[in-house]
Amino acid sequence: MRGTVDGFTHGPAILALAFLVACLGAAVGLRCAIRPSRTARTGRPRETRTGGPRTTRTGRPSGTVRLLLGALSVGFGIWIMHHVAITGFTVVEAPLSRDRPHVLIGLVVVVVMVGVGLFVVGYRGATRMALITGGALTGLGIASTHYLGMAGIRFQGHFTYETPLVVLSVLIAATAATAALRAALSTRTLLSGLGAGVMMALAVTGMHYTGMAALGVQLQPGVPSVVSADPPAD
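The structure displayed is predicted, hence computed values, not measured ones.

Each value, and the rule that gives it
Residues numbered from 1 in each chain as written. Predicted model: local features only at pLDDT ≥ 70, side-chain atom pairs only at ≥ 80, totals over all residues. Heavy atoms only, no water. Salt bridge = Lys/Arg side-chain N within 4 Å of Asp/Glu carboxyl O. Helix = DSSP H or I, 4+ residues; strand = E, 2+ residues; numbered from the N terminus. Buried < 20%, exposed > 50% of the residue type's maximum accessible area, 1.4 Å probe, protein only. Axes fitted to C-alpha atoms, helices over the stretch in contact; angles between N-to-C directions. Parallel < 35°, antiparallel > 145°, perpendicular 65-115°, else oblique. Left-handed = near helix turned anticlockwise from the far one by under 90°. Contact = heavy atoms within 4.5 Å. Nonpolar A, V, L, I, M, F, W, Y, C, P; charged D, E, K, R; others polar. Core = buried A, V, L, I, M, F, W, Y, C linked by side-chain atoms within 4.5 Å.

**A look at the pattern of salt bridges**
Stage number 1. Enumeration over the complete set of coordinates arrives at one salt bridge.
Stage number 2. Ionic pairing is found between Asp 99 and Arg 154, a salt bridge with its closest N-O pair at 3.8 Å. Highlighted residues: Asp 99 in the loop between strand S5 (97-98) and helix H3 (100-124) and Arg 154 in strand S6 (residues 153-154), separated in sequence by 55 residues.
Stage number 3. Judged by relative accessible area, Asp 99 falls into the partly exposed class, the value being 22%.
Stage number 4. By relative accessible area, Arg 154 is classed as partly exposed at 38%.

**Overview of the packing of helix H4 (residues 128-151) against helix H5 (residues 163-185)**
Each pair of packed helices can be summarised by the angle the axes make with each other and by the distance between the axes.
Stage number 1. With their axes 7 Å apart at the nearest point, H4 and H5 run at an angle of 130° to one another. Our classification of the angle between H4 and H5 gives oblique. At the point where H4 passes H5, the crossing takes the right-handed sense. From H4, Leu 131, Gly 134, Gly 135, Ala 136, Thr 138, Gly 139, Leu 140, Ile 142, Ala 143 and Tyr 147 reach across to H5, where they touch Val 166, Ser 169, Val 170, Ala 173, Ala 174, Ala 177, Thr 178, Leu 181, Arg 182 and Leu 185.
Stage number 2. Partitioning the contact of H4 with H5 into residue classes produces 13 nonpolar, six polar and one charged.

**Description of the packing of H3 against H4**
Stage number 1. Interhelical geometry of H3 versus H4 gives an angle of 175° and a closest axis separation of 8 Å. Considering their axes alone, H3 and H4 lie roughly antiparallel with respect to each other.
Stage number 2. A class-by-class count of the residues in the contact of H3 with H4 yields 16 nonpolar, nine polar and one charged.

**A few points about the side chain of Thr 210**
Stage number 1. Assignment of secondary structure puts Thr 210 in helix H6 (residues 190-213).
Stage number 2. Residues contacting Thr 210, with those up to four places away along its chain left out, are Leu 165, Leu 168, Ser 169 and Ile 172.

**Observations regarding the nonpolar core**
Stage number 1. Core analysis: the largest hydrophobic core is formed by 42 residues, its most contacted members being Leu 30, Ile 78, Met 81, Leu 118, Ile 142 and Met 200.
Stage number 2. Taken together, the elements giving at least two residues each to this core come down to helix H1 (13-42), helix H2 (63-85), H3, H4, H5 and H6.
Stage number 3. Within the second largest apolar cluster, 13 residues are counted, among which are Val 91, Leu 96, Phe 155 and Phe 159.

The values reported here are purely geometric and, on their own, carry no functional implication.
Quick look at the structure:
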């Protein structure tokens with residue numbers, strides 16, 4: 001028996017909020033991670049060691065520390081965006097719950113993959129191979145946290161996916177993430193940094209809602225019709 005999916009239970013405000021979260025996390029994280037990496041390649045300023053975190057001679061955190069902070073900011077933004085958007089998702093005939101391990105694994109995966117992508121682009125520069133590699137890794141991280149999150153949703157049934165749309169969702173994430181990384185490398189002002197954040201938010205939200213369009217629901221036989229107006233509970 002097929003279930004009825006409602007992806008906008010709380011209206012378009014959830015979409016706007018999810019996009020804003022992803023945009024802010026990406027804008028801060030990209031500006032934090034990419035710029036010091038460019039500086040590190042030029043050899044200035046040099047890093048010094050103190051009793052605390054590694055810093056440069058100007059007293060600012062080193063490129064490595066800021067790369068880590070950037071990966072956390074972008075990764076958390078992606079992860080939170082997914083879980084904000086998923087509050088608007090319901091299966092009309094069945095209540096939903098979420099499995100915490102899947103939720104936490106999704107966070108770890110996206111932070112690690114985004115971190116590697118930022119490292120590749122930040123330290124190799126705007127070469128074609130670096131951008132393709134970094135964008136692909138970041139896009140796969142975006143897709144991974146989405147599909148891990150969906151795999152952690154529990155109800156009396158299971159999800160099915162249309163393979164072409166799943167592939168399209170990953171391509172959207174990788175392509176838009178590559179564009180965001182390229183924009184971040186040329187960031188000179190706060191406004192251009194926000195532009196890179198918008199591109200990354202487009203990667204995240206585009207991937208998410210394309211992935212949701214690929215979704216189908218198969219209910220177990222005999223599931224009673226229960227209208228679920230509440231978002232999935234942790």
